[in-house]
Amino acid sequence: MAFNTDTSTKQGKYGTVKRSVLRNLLFSMLTFGLFVGLIFPPFARIVLDTDKAYTPVFFSLCVLAGLLVGIFNFFIFRLLVSQELNLIQKGMSHVNVNITDAEVLDEDCVSECILEITSADIIGDISLSFNSMTHEIFKRLELDGETRNFNSKLMHSVEIKDVSDTILTKMAAIMDAKAGLLYGGKAEKMQLFSHFGVDKTDGITSILAGQFGPIEKALKSENILSYSQLDGWKWFSQSTPLGNFRPGSILLIPLMAKQQSVGMVVLACGVQTISPQQKKVLETLRSFGAPYLDNSILHKKITELAAIDDLTNILNRRFGMRRLKEEYSRATRHGVPISTVMIDIDHFKDFNDTFGHNAGDAVLKMVAATLRDNLRAEDMVCRYGGEEFLMVLAGAGMNDGALISERIRRAIETNHIRWGDKHLSVTISSGIATYPVVRASVCEELIAAADKALYAAKEFGRNQVTVNDGTQILRFTELKMYDQSKKE
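Residues numbered from 1 in each chain as written. Predicted model: local features only at pLDDT ≥ 70, side-chain atom pairs only at ≥ 80, totals over all residues. Heavy atoms only, no water.

### Some thoughts on the pattern of salt bridges
Here's step 1: Using the criterion set out here, one finds 17 salt bridges in the structure.
Here's step 2: Asp-165 serves as the salt-bridge partner of Lys-161, at 2.6 Å between the closest nitrogen and oxygen. Of this pair, Lys-161 and Asp-165 are both found in helix H5 (residues 160–175), four residues apart, which corresponds to roughly one turn of the helix.
Here's step 3: The partner of Glu-327 in a salt bridge is Arg-323, with the nearest N and O atoms 3.7 Å apart. Residue Glu-327 and its partner Arg-323 are both found in helix H8 (residues 317–334); the two are separated by four residues, about one turn of the helix.
Here's step 4: For Arg-323, a relative accessible area of 26% puts it in the partly exposed group.
Here's step 5: Look at the salt bridges and you will find they share partners, linking Glu-406, Arg-409, Arg-410 and Glu-413 into a network. (Salt bridge = Lys/Arg side-chain N within 4 Å of Asp/Glu carboxyl O. Helix = DSSP H or I, 4+ residues; strand = E, 2+ residues; numbered from the N terminus. Buried < 20%, exposed > 50% of the residue type's maximum accessible area, 1.4 Å probe, protein only.)

Put into structure tokens, the structure is as follows:
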């Protein structure tokens, strides 16, 4: 069914015409003038006591005068009042234009739409109400714009670091916070995902316990809470070139999704109170941000599940190689060294045959845990296959890689596993290749060089660390002599 959009015969400039206030006012004033003109002759007859008040000429003049006064009053009203109403109408039109073009709203747009209050009467009250309405409209448009921008940034990534940084940065900007943190996860044990303005060495906690009084209160109430003093956050006292910073208040903003807590934003604010407008904006931002944080946490869990080897609880080969490529690319780009270490458990097949696969699994877990516990946060270890492991030591040169590998070799050699009534132990062999000592054009060539060193370690009798310097394979003991000869 087609709809007829031609309404010119039914609607004018102001839509469907029902009545005209000005026309009604003119009729009212003319009627009032006519009424005055009609009652004035009897009034004059009584007051002046003359029969001339009833003459046709005097009677006609009175009626005419009444009509003229009505017309005159109407034009005075139109001149004075309509002028003020026209200003209000123009202001409304200006607001309408800016609402239509809401993407470019700024302070100049707001000031242009504000009416000057020139009278202390109903017109002034109307203008004042209009200005208040204008402010509220632009506040709402500003909030809508911030929300759109906020959503747009959140949609760009599902990585938990990006989402957390976006949420924390935006909320901190609303409160002009000097420091802040964002924790995410289950209420009873939330992890630190993002922070600014706080040095981690100041005692900042990486795990936020939901049982901590104010945190528990905020999570249970699901409301934004403000505290002027909070002893549990002493690390918010910062030393700056201008002295110590003590926040005027600490704001706790619980992030709720699907009626469950998914995080908590903690802001150190310079002011002691939060304005209604700020609270309204924060409420909007957290309602939009919480689902994104929830999704990013879920994405992180799924990624970790896909990346972790079920048995050893370290990265599997696929994700280990991905990390190696990232670290190798960073090393070649910035001209820093990177060492790869191939590790193999000595005589692991014989061990399995002797003690069984369950004992072999226990050994694999022990070796993986020892590798993980002896690495720095920036290093990586993965299960390369079977009883082989790959370590990636970012920023470590050949000597550092050899020292780390030797330390791990000794730790595994002295580590015993209790299996029934037996104490079992194993040894490992390690082969190292370091960029740029080994001129590898791709990370796979670096692995091949490390694997060559590992093969040599087995040939040399196992339970030792060997290094590929690009021209020859050196044992760990030979490496120290080799370094000394280079210095001489």
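### Considering the sheet that holds strand E6 (residues 225–227)
Here's step 1: Read from one edge of the open sheet, six strands run E5-E4-E3-E10-E9-E6, paired in antiparallel fashion. At either end of the open sheet lies a strand with only one pairing partner, and these are strand E5 (207–208) and E6.
Here's step 2: Note: strand E3 (residues 179–184) against strand E10 (residues 260–269), six bridges, orientation antiparallel. Bridge pairing links Leu-181 to Val-266 in E10.
Here's step 3: Its contacts with the sheet place helix H7 (residues 276–307) against E3, strand E4 (190–196), strand E9 (249–257) and E10, and it is angled at close to 60° to E9. (Pairing = 2+ DSSP bridges. Contact = heavy atoms within 4.5 Å. Axes fitted to C-alpha atoms, helices over the stretch in contact; angles between N-to-C directions.)

### Points about the environment of Gly-397
Here's step 1: Here Gly-397 lies in the loop between strand E13 (388–394) and helix H11 (398–414).
Here's step 2: On the basis of relative accessible area, Gly-397 is assigned to the buried category, the value being 18%.
Here's step 3: Measuring from C-alpha to C-alpha, the distance between Gly-397 and Ser-339 comes to 6.4 Å, with 58 residues separating the pair along the chain.

### Digging into the layout of surface pockets
Here's step 1: Volume-wise, the largest pocket comes out at about 730 Å³.
Here's step 2: Forming the boundary of the largest pocket are 24 residues, of which Lys-300, Glu-304, Ile-308, Leu-315 and Arg-323 lie nearest the centre.
Here's step 3: Broken down by secondary-structure element, the contributors of at least two residues to the lining of the largest pocket are H5, E4, H7, H8 and strand E12 (380–385).
Here's step 4: For the lining of the largest pocket, the element with the most residues is H7, which contributes five residues.
Here's step 5: Considered class by class, the residues forming the lining of the largest pocket number eleven nonpolar, four polar and nine charged. (1 Å grid on protein atoms, 1.4 Å probe; cavity = no way out; pocket = protein on both sides within 12 Å on 5 of 7 lines; lining within 4 Å. Points joined across faces, edges and corners; volume = space filled by probe spheres on them. Nonpolar A, V, L, I, M, F, W, Y, C, P; charged D, E, K, R; others polar.)

### Focus: the packing of helix H9 (residues 348–355) against helix H10 (residues 357–373)
Describing two packed helices takes the angle between their axes plus the distance from one axis to the other.
Here's step 1: The geometry of H9 relative to H10 is characterised by a closest axis approach of 7 Å and an angle of 135° between their N-to-C directions. In terms of axis orientation, H9 runs oblique to H10. Judged by residue contacts, Phe-348, Phe-351, Asn-352 and Phe-355 of H9 engage His-357, Ala-359, Gly-360, Val-363 and Leu-364 from H10.
Here's step 2: Its residues placed into classes, the contact of H9 with H10 shows six nonpolar, three polar and no charged. (Parallel < 35°, antiparallel > 145°, perpendicular 65-115°, else oblique.)

### As for the nonpolar core
Inside soluble globular proteins, nonpolar side chains tend to come together where they are buried.
Here's step 1: Ile-345, Val-367, Phe-389 and Met-391 are the most contacted members of the largest nonpolar core, which totals 35 residues.
Here's step 2: If you list the elements that add at least two residues to this core, you get strand E11 (338–345), H9, H10, E13, H11, strand E16 (428–435), strand E17 (465–468) and helix H13 (476–487).
Here's step 3: No other element matches H10, which puts eight residues into this core.
Here's step 4: The residues contacting Met-391, other than those within four sequence positions of it, are Ser-339, Thr-340, Val-341, Ile-343, Leu-371, Leu-375, Met-380, Val-381, Ser-405 and Ile-408.
Here's step 5: In this structure, Leu-143, Leu-168, Leu-282 and Ala-290 belong to the second largest nonpolar core, which totals 29 residues. (Core = buried A, V, L, I, M, F, W, Y, C linked by side-chain atoms within 4.5 Å.)

### Some remarks on the pairing of E3
Here's step 1: Most of E3 sits inside the fold, with six of its six residues counted as buried.
Here's step 2: Burial of the side chains of E3 extends over both faces: Ala-179, Leu-181 and Tyr-183 are buried on one face and Gly-180, Leu-182 and Gly-184 on the other.
Here's step 3: Summarising the sheet, E3 and E4 pair through five bridges and their orientation is antiparallel. Paired with Gly-180 across the strands is Phe-196, a residue of E4.
Here's step 4: Counting the residues between successive antiparallel strands, the hairpin from E3 to E4 contains five residues, one of them, Gly-185, with a positive phi of roughly 120°.

### Re a nonpolar patch on the surface
Here's step 1: A surface patch of nonpolar side chains, about 600 Å² in accessible area, is lined by Phe-32, Leu-34, Phe-35, Val-36, Leu-38, Ile-39 and Phe-59.
Here's step 2: The dominant element in the nonpolar patch, judged by the number of residues it contributes, is helix H1 (residues 21–48), at six residues.
Here's step 3: Mapping Phe-35 onto the fold places it in helix H1.
Here's step 4: Given the relative accessible area of 47%, Phe-35 is considered partly exposed. (Patch = residues over 30% accessible without salt bridge, like charges linked within 9 Å, V, L, I, M, F, W, Y side chains within 5 Å. Areas by Shrake-Rupley, 256 points an atom, 1.4 Å probe, with all protein chains shown as cover.)

### Describing the sheet that holds E11
Here's step 1: Judged by pairing direction, the sheet is mixed, and its six strands sit side by side in the order E12-E13-E11-E16-E17-E18 without closing on themselves. The two strands at the open ends of the sheet, each matched to only one other strand, are E12 and strand E18 (473–475). Strand-to-strand twist across the sheet, computed as the mean angle between neighbouring axes with direction ignored, equals 25°.
Here's step 2: As paired elements, E12 and E13 share five bridges and run antiparallel to each other. Residue Val-381 lies in a different strand from E13, and its bridge partner there is Met-391.
Here's step 3: Those strands touched by H11 are E11, E13, E16 and E17, and its axis lies near 165° from that of E16.

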